[in-house]
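# Tertiary structure, described
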Amino acid sequence: MIVCKFGGTSVADAEAIARVVDVVVSKRVSLPVVVVSALGGATNQLLALARKAADGELLAALQLLELLRDRHLREAHALLGGTAEAEELATEIGASFDELAHLAEALRTLGYLTPRSLDTVAALGELLSSQIVAAAFRRHGHPAVWVDARDVMKTNDAFTRAEPDLEAIALAAREQLLPLLQQGMIPVMGGFVGSAPGRITTTLGRGGSDYSASLVGAAIDATAIEIWTDVDGMLTADPRVIPGARLIERISFDEAAELAAFGAKVLHPATIAPAVQRGIPVYVFNSRKPEGRGTMIAFDAPRLPVRAIAGKRGTTLVKLRSSRMLLAPGFLRRVFEVFETHRTSVDVVTTSEVSVSVTLDDATNLAAILQDLAAFGDVAVERRSGIVAIVGAGIADGSRAMADAIAALGPIPVYMASLSATGINFTLVIDDDQVVPAMQRLHATFFERGS
Ligand code: ADP
Ligand code: ASP
Ligand code: MG
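Residues numbered from 1 in each chain as written. Chains lettered and ligands numbered in written order. Predicted model: local features only at pLDDT ≥ 70, side-chain atom pairs only at ≥ 80, totals over all residues. Heavy atoms only, no water.

## Concerning the overall build of the protein chain
What the protein chain contains, in helices and strands, is 13 helices and 16 strands. With the principal axes as the frame, the protein chain shows a C-alpha extent of 70 × 55 × 40 Å. Sorting the 451 residues of the protein chain into buried and exposed places 53% on the buried side. Within the protein chain, residue pairs in contact and separated by at least 24 positions form 76% of the contacts whose partners lie at least 6 positions apart. Accessible area for the protein chain stands at about 19500 Å²; split by element, carbon and sulfur atoms hold 52% of it. Across the protein chain, the mean location of the 42 positive side-chain charges is 3 Å away from that of the 51 negative side-chain charges. (Helix = DSSP H or I, 4+ residues; strand = E, 2+ residues; numbered from the N terminus. Buried < 20%, exposed > 50% of the residue type's maximum accessible area, 1.4 Å probe, protein only. Contact = heavy atoms within 4.5 Å. Areas by Shrake-Rupley, 256 points an atom, 1.4 Å probe, with all protein chains shown as cover. Lys, Arg positive; Asp, Glu negative; His and termini not counted. Charge placed at Lys NZ, Arg CZ, Asp CG, Glu CD.)

Shown next, in the form of structure tokens:
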């Protein structure tokens with residue numbers, strides 16, 4: 001059994017979905033489970049629609065809704081033509097958007113959004129795309145069965161970033177998916193979407209379809225988890241920033257997890273953990289070039305000082321200065337409890353005897369965090385920070401990689417530097433607007449000069 005996950009661009013329209021069908025059919029002997037994202041861009045539009053409705057711009061929200069409805073109907077029609085199944089699906093799509101219109105009206109009346117309502121709206125993208133893809137398989141004569149992700153992906157009720165209930169997922173996935181696979185069927189489900197107790201719709205957070213795929217893979221003990229996307233695999237940097245980035249043929253789980261956490265959007269940061277636990281290799285392939293070699297992510301890979309670089313813009317740097325830190329046991333624990341209380345994870349940390357600096361990816365709860373931190377000492381915030389990271393199992397083998405990284409940045413000011421305890425991630429905190437030039441300089445140093 002394998003899991004094949006297709007991202008938004010890989011299911012953006014009828015033509016792309018037809019390629020998905022070809023890829024999956026070529027793998028039928030491996031018993032694939034198919035996980036799909038929403039049609040490319042649909043999640044952003046659904047969320048924008050919800051925001052407009054809650055802001056009182058109902059007309060604009062409904063215009064967006066009609067565009068989305070038309071798009072889904074158009075692609076479904078292009079794939080299925082005038083078949084009876086096409087009509088059934090069109091009715092289903094229509095009913096879903098009618099319901100969404102009612103929800104938009106309710107949001108307008110309410111005047112605000114809750115994480116729970118956001119999830120209900122956002123989930124529609126995957127719930128519909130997966131039904132369209134399942135129907136496309138059947139249209140081509142392949143026995144696909146739509147599986148409602150809410151029946152498999154059991155989560156808690158932390159709406160917009162729900163955490164999976166691994167035991168419940170394992171049970172549900174075996175119950176729902178294995179019988180279908182045994183009967184020679186192709187299960188097709190939406191990624192990203194889950195349900196909390198009471199079957200209330202949740203989502204795993206933006207980009208979460210990769211995570212869905214690895215959770216399903218771990219649950220059914222798949223032999224491979226394949227992430228099909230719009231680039232050739234994991235590359236030495238984001239090709240949108242570094243057009244000359246090179247394909248990585250093999251990378252370790254640890255390195256891939258670090259890259260994902262530090263900005264390599266090609267994988268959702270949580271994707272690796274379920275795969276590691278079961279020792280299932282993860283592959284990244286290009287759905288436009290299915291014959292490509294792609295990237296294999298597994299326990300071991302040839303040891304290199306620097307495998308790839310990543311960067312993240314828009315991080316927040318928080319600096320806490322406190323004379324009380326001096327010789328105070330438990331001080332750091334209490335400081336970190338503040339972040340835990342406000343459910344905000346910390347990316348990079350440095351400490352000295354009288355200060356702690358951390359970077360945050362998610363500044364949603366920043367005001368409350370700052371208020372609590374003020375009890376410990378003086379707090380300063382820099383909102384326009386960025387991070388660049390070099391990742392490689394051999395970074396710490398000699399001091400050269402780290403020294404080369406700092407030298408490569410030249411005149412770009414560095415505010416924090418941190419080598420992970422595992423020695424595979426060397427992170428530098430810089431100004432937000434320096435992230436792109438810093439990545440260019442680092443890539444040139446490590447991948448374009450043969451060093
Ligand atoms: P999908 O919709 O298939 O999930 P995403 O947009 O989430 O696709 O992820 C793919 C994108 O990730 C690529 O288009 C690329 O710009 C970006 N990316 C960032 N870092 C890397 C990297 N190191 N290697 C490959 N792609 C990367
Ligand atoms: N459609 C969701 C998003 O855009 C999940 C995903 O594509 O992975 O965030
Ligand atoms: Mg993605």
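So much for the structure itself; the text now carries on.
## Describing the side chain of Lys-312
Following the sequence through the fold, Lys-312 ends up in strand E11 (residues 308-321). From its side chain, Lys-312 meets the backbone oxygen of Ala-261 in a polar contact 2.9 Å long. Among the polar contacts listed, one links the side chain of Lys-312 to the side chain of Asp-361, at a separation of 3.1 Å. (Polar contact = N/O pair within 3.5 Å; in protein donor to acceptor, adjacent residues only side chain to side chain.)

## A short note on helix H5 (residues 115-139)
Here H5 contains 25 residues, and its C-alpha end-to-end distance of 37 Å stays within 8% of the 36 Å for a straight helix at 1.5 Å per residue. When the local axis directions of H5 are compared, the greatest deviation, roughly 25 degrees, occurs at Ala-123. (Expected span 1.5 Å × (residues − 1). Bend = angle between axes of the 7 residues up to and from the residue.)

## Notes on the sheet that holds strand E12 (residues 346-351)
The 6 strands are arranged E12-E13-E11-E14-E16-E15 in an open sheet whose pairing can be described as antiparallel. Lying at the two open borders of the sheet, with one neighbouring strand each, are E12 and strand E15 (416-419). The sheet shows a mean angle of 30 degrees between the axes of neighbouring strands, taken without regard to direction. The pairing of strand E14 (residues 378-391) with strand E16 (residues 425-431) spans 7 bridges and is antiparallel. When the bridges of E16 are listed, Gly-386 appears paired with Ile-430. Most of the contacts of helix H8 (residues 253-261) go to E11, to which it runs at about 60 degrees, and overall it touches E11, E14 and E16. On the sheet, helix H13 (residues 435-447) packs against E11, E14 and E16 and is oriented at approximately 130 degrees with respect to E11. (Pairing = 2+ DSSP bridges. Axes fitted to C-alpha atoms, helices over the stretch in contact; angles between N-to-C directions.)

## A closer look at the environment of Ile-412
Residue position: Ile-412 is located in the loop between helix H12 (400-409) and E15. We classify Ile-412 as buried; its relative accessible area is 7%. Each C-alpha atom of the pair Ile-412 and Arg-441 lies 10 Å from the other, and the pair is 29 residues apart in sequence. Those residues in contact with Ile-412 that lie beyond four places of it in its chain are Ile-430, Gln-434, Pro-437, Ala-438 and Arg-441.

## Some details on the nonpolar core
Counting 107 residues, the largest nonpolar core has Phe-6, Phe-137, Ile-220, Met-234, Leu-267 and Ile-297 as the members making the most contacts within it. The element that contributes the greatest number of residues to this core is H5, accounting for 13 residues. Those residues within four positions of Ile-220 in sequence are excluded, and the remaining contacts are Met-1, Val-3, Val-33, Ala-173, Leu-177, Leu-178 and Leu-181. Ranked by size, the runner-up nonpolar core spans 24 residues in total, among them Ile-242, Ala-405, Ala-408 and Val-435. (Core = buried A, V, L, I, M, F, W, Y, C linked by side-chain atoms within 4.5 Å.)

## As for the site of ligand 1
Close contacts around ligand 1 come from 16 residues, with Thr-229, Asp-230, Leu-235, Asp-238 and Arg-240 the closest. Within the contact set of ligand 1, an oxygen atom lies 3.1 Å away from a side-chain nitrogen or oxygen of Lys-5. Note that an oxygen atom of ligand 1 is positioned 2.9 Å from one of the side-chain N or O atoms of Asp-230. Partitioning the shell around ligand 1 into residue classes produces 7 nonpolar, 4 polar and 5 charged. (Near = heavy atom within 4 Å. Nonpolar A, V, L, I, M, F, W, Y, C, P; charged D, E, K, R; others polar.)

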